[in-house]
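Analysis of the macromolecular model
Here are the chains, one letter per residue:
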Amino acid sequence: GRLEDAFQHLQESLNIQRTFTPGDKARIAMTVHELARCLLNEGKYRDSEDLYRQSLNISLSFLPERHMNITITRGRLAQCLVYQFAVAEAESLLRQAIAVSFKSSQNVHKSLHAAWLALTLQLSKKKQEEVDTLLHESKKWAEQIQSKLDKAAVLSELGEVFTLKEECGHADETLKDALSIQQQHLAKTHHQTAETLCRIGECGAVQGKTDDSMKNFLESAEMMSSTSQHPLRARSLLGLGKFLCVKNKWQEAEGPLTEAVAILKHSLPQHPRTTEAITALSECLSMLDRSQDVNVVMQEHHQDDAFNVQGMWSLAMTLAIQCVCLVVWLSIGCFYVI
C-alpha cells in the first residue's frame, strides 16, 4: 500500500533504463505500465491514462498485436477509462483484450476483462444479456484463480456490477467474500479494502440499510484520509452525506458533501458522480436555508461546464483552421505543378 514510495523507485528505475538501456523496450514498457498502475491506485486517473497509453504504444512498436502484454495493458487502460466514465473507448479496448485473453489460460485476466466489460456495458445501460453472460463467465473463472488477492479484486468488481443491476443478494455475498480476503491479507488502510467497503455501502443503500451503509461509508472514507484527494474518498463521503440528508441531519451532511464536491470537481469534472454530488450539496444547503450558497455552488458548476464547452469549441476551430490551411497549401502546390 506504499504507493508513493513504489512510484518513486519505479521512476528512478525508468530514468536509469532510458539512460543506459534505451533499446530495451520490453523493460521500459513494463516499468511505465507499473508507474501507471501506481497512479491508478492513487486515484490519479488522467495521469495514469497517459502512462498506460505510453506503455501500450511502446509495446505495439515491437510486439505482435495479440501479445498478452499488450492485452493486459489494454485492459488496465480500459479500467482507467471506466473510472473516468469514458465508457465508449473502454468498451472498444476491452473487446480487443478479451479476443485474446479469453483464449488464454490466464484466469485472472480473463475474469477481470469480463468483469470490466460487464461494468462498462452496465454503465452504458445496454446489452443486458451480454452483461449476464460476462458475469457468469467471470465468476466461473474467478473460482479457478490461485491468488486470493487477485480473486478478491475480481469479486469486488463483480459486486459493483451486481449492485448496479440491483441484484443485491448476489452483490452483498460477492462483496463480503472479497472484503473477507482483503481484510486478512492487506494492510488495514489499503485502497482495495476501502473500495470494497464503499461498494458494500452502496449495495446497502440500494437495499435501504441506512445504518450499516453509513458505517461502511465512514470507515472507507477514514481509510482514505491519508490520500485526501482520492476520488474513492469522495465517493464514500458522497454516500455518507446523502444518508445524513435522508436522516435530516443537514448540518452534519454539509461537511462530507462539500469535501466530496471539491475532490470530484478537481479529479473527475465530467463524471456523473460529480453532478450527483453537486446536486446533493445544493439540496442540503437549501434545507439549511442558505440559498445564496446554493447559487454560488450552481454558478461554479455552470461556469465549469461553460469552460469545457468553450475548450471543445476552441479545439474545433483550431482544427478547422488547420484543415483550411492544408487545403490552401495543397491547392498552391498543385498550381505550381501544373
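The notes below deal with the structure included here. (Residues numbered from 1 in each chain as written. Predicted model: local features only at pLDDT ≥ 70, side-chain atom pairs only at ≥ 80, totals over all residues. Heavy atoms only, no water.)

1. A closer look at the overall build of the chain
- Check the secondary structure of the chain and you find 15 helices and zero strands.
- Long-range contacts, defined here as pairs at least 24 residues apart, represent 57% of the contacts in the chain between residues at least 6 apart.
- A total accessible area of about 17,700 Å² is found for the chain, and carbon and sulfur atoms account for 56% of it. (Helix = DSSP H or I, 4+ residues; strand = E, 2+ residues; numbered from the N terminus. Contact = heavy atoms within 4.5 Å. Areas by Shrake-Rupley, 256 points an atom, 1.4 Å probe, with all protein chains shown as cover.)

2. Things to note about the pattern of salt bridges
- Tallied over the full model, the rule gives 22 salt bridges.
- With a closest N to O distance of 2.7 Å, Glu160 and Arg199 form a salt bridge. Separated by 39 residues along the polypeptide, Glu160 in helix H8 (residues 148–164) and Arg199 in helix H10 (residues 191–207) bring together distant segments of the chain. Pair check on accessibility: Glu160 and Arg199 agree, each one buried.
- One salt bridge connects Lys165 with Glu167, and the closest N-O pair in it is separated by 3.6 Å.
- The buried category is assigned to Lys165, whose relative accessible area is 17%. (Salt bridge = Lys/Arg side-chain N within 4 Å of Asp/Glu carboxyl O. Buried < 20%, exposed > 50% of the residue type's maximum accessible area, 1.4 Å probe, protein only.)

3. Focus: the packing of H10 against helix H12 (residues 231–246)
- At a closest axis distance of 10 Å, the pairing of H10 and H12 adopts a crossing angle of 30°. With respect to H12, the axis of H10 lies roughly parallel. Crossing handedness for the pair H10 and H12: left-handed. Between H10, through His191, Ala194, Glu195, Cys198, Arg199, Glu202 and Ala205, and H12, the contact on the second element is made entirely by Leu232, Arg235, Ser236 and Phe243.
- A class-by-class count of the residues in the contact of H10 with H12 yields five nonpolar, two polar and four charged. (Axes fitted to C-alpha atoms, helices over the stretch in contact; angles between N-to-C directions. Parallel < 35°, antiparallel > 145°, perpendicular 65-115°, else oblique. Left-handed = near helix turned anticlockwise from the far one by under 90°. Nonpolar A, V, L, I, M, F, W, Y, C, P; charged D, E, K, R; others polar.)

4. What to know about the side chain of Thr71
- In this structure, Thr71 sits in helix H4 (residues 68–83).
- With a relative accessible area of 1%, Thr71 lands in the buried category.
- With residues near it in sequence (within four places) discarded, Thr71 still touches Arg66, Ala97, Val100, Ser101 and His113.

5. With respect to the side chain of His271
- Note that His271 resides in the loop between helix H13 (250–267) and helix H14 (272–287).
- There is a polar contact of 2.9 Å between the side chain of His271 and the backbone nitrogen of Arg273.
- Ignoring anything within four residues of it in the chain, the contact list for His271 reads Tyr83, Gln84 and Phe85. (Polar contact = N/O pair within 3.5 Å; in protein donor to acceptor, adjacent residues only side chain to side chain.)

6. Concerning helix H1 (residues 3–20)
- The terminal C-alpha atoms of H1 lie 26 Å apart, and with 18 residues this matches the ideal 26 Å at 1.5 Å per residue to within 8%.
- The complete set of buried residues in H1 reads Leu3, Leu14 and Gln17. Along the long axis of H1, the arc covered by the buried residues comes to 65°, so they all point the same way. Opposite the buried face of H1, by more than 90 degrees, sit the exposed residues Glu4, His9, Ile16, Thr19 and Phe20. (Expected span 1.5 Å × (residues − 1). Arc of directions from axis to C-beta.)

7. As for unusual backbone geometry
- Although it is not a glycine, Phe85 adopts a positive phi angle of roughly 65°.
- Within the element layout of this structure, Phe85 appears in the loop between H4 and helix H5 (87–101).
- If you check the backbone angles, Asn248 has positive phi at about 65° while not being a glycine.
- A relative accessible area of 54% places Asn248 in the exposed class.

8. Some points on helix H11 (residues 210–223)
- Spanning 14 residues, H11 covers 20 Å between terminal C-alpha atoms, matching the ideal 20 Å at 1.5 Å per step.
- Regarding H11, the residues found buried are Ser213, Met214, Asn216, Phe217, Ser220, Ala221 and Met223.

9. Details of the packing of H4 against helix H6 (residues 107–124)
- Here H4 crosses H6 at 30°, and the two axes come no closer than 10 Å. Remark: the crossing between H4 and H6 carries left-handed chirality. Facing Met68, Thr71, Ile72, Gly75, Arg76, Gln79 and Val82 of H4, the residues of H6 in contact are His109, Leu112, His113, Trp116, Leu119, Thr120 and Leu123.
- A class-by-class count of the residues in the contact of H4 with H6 yields seven nonpolar, six polar and one charged.

10. Section: the environment of Glu89
- Tracing the backbone through its elements, the reader meets Glu89 in helix H5.
- Judged by its relative accessible area of 34%, Glu89 is partly exposed.
- Here the alpha-carbon distance between Glu89 and Thr120, two residues 31 residues apart in the chain, equals 9.8 Å.
- Of note is the side chain of Glu89, whose polar atom sits 2.9 Å from the side chain of Arg53.

11. Notes on the environment of Glu254
- One can find Glu254 in helix H13.
- For the pair formed by Glu254 and Lys242, sequence separation is twelve residues and the distance between their alpha carbons is 9.6 Å.
- In this structure, Glu254 is in contact with Leu281, Cys284, Leu285, Leu288 and Arg290, ignoring residues within four places of it in sequence.
- Polar contacts involving the side chain of Glu254 include one to the side chain of Arg290, which spans 2.8 Å.

12. Topic: the environment of Arg2
- Relative to the helices and strands, Arg2 is located in the segment before H1.
- For Arg2, a relative accessible area of 65% translates into the label exposed.
- For the pair Arg2 and His190, spaced 188 residues apart in the sequence, the C-alpha separation amounts to 8.9 Å.

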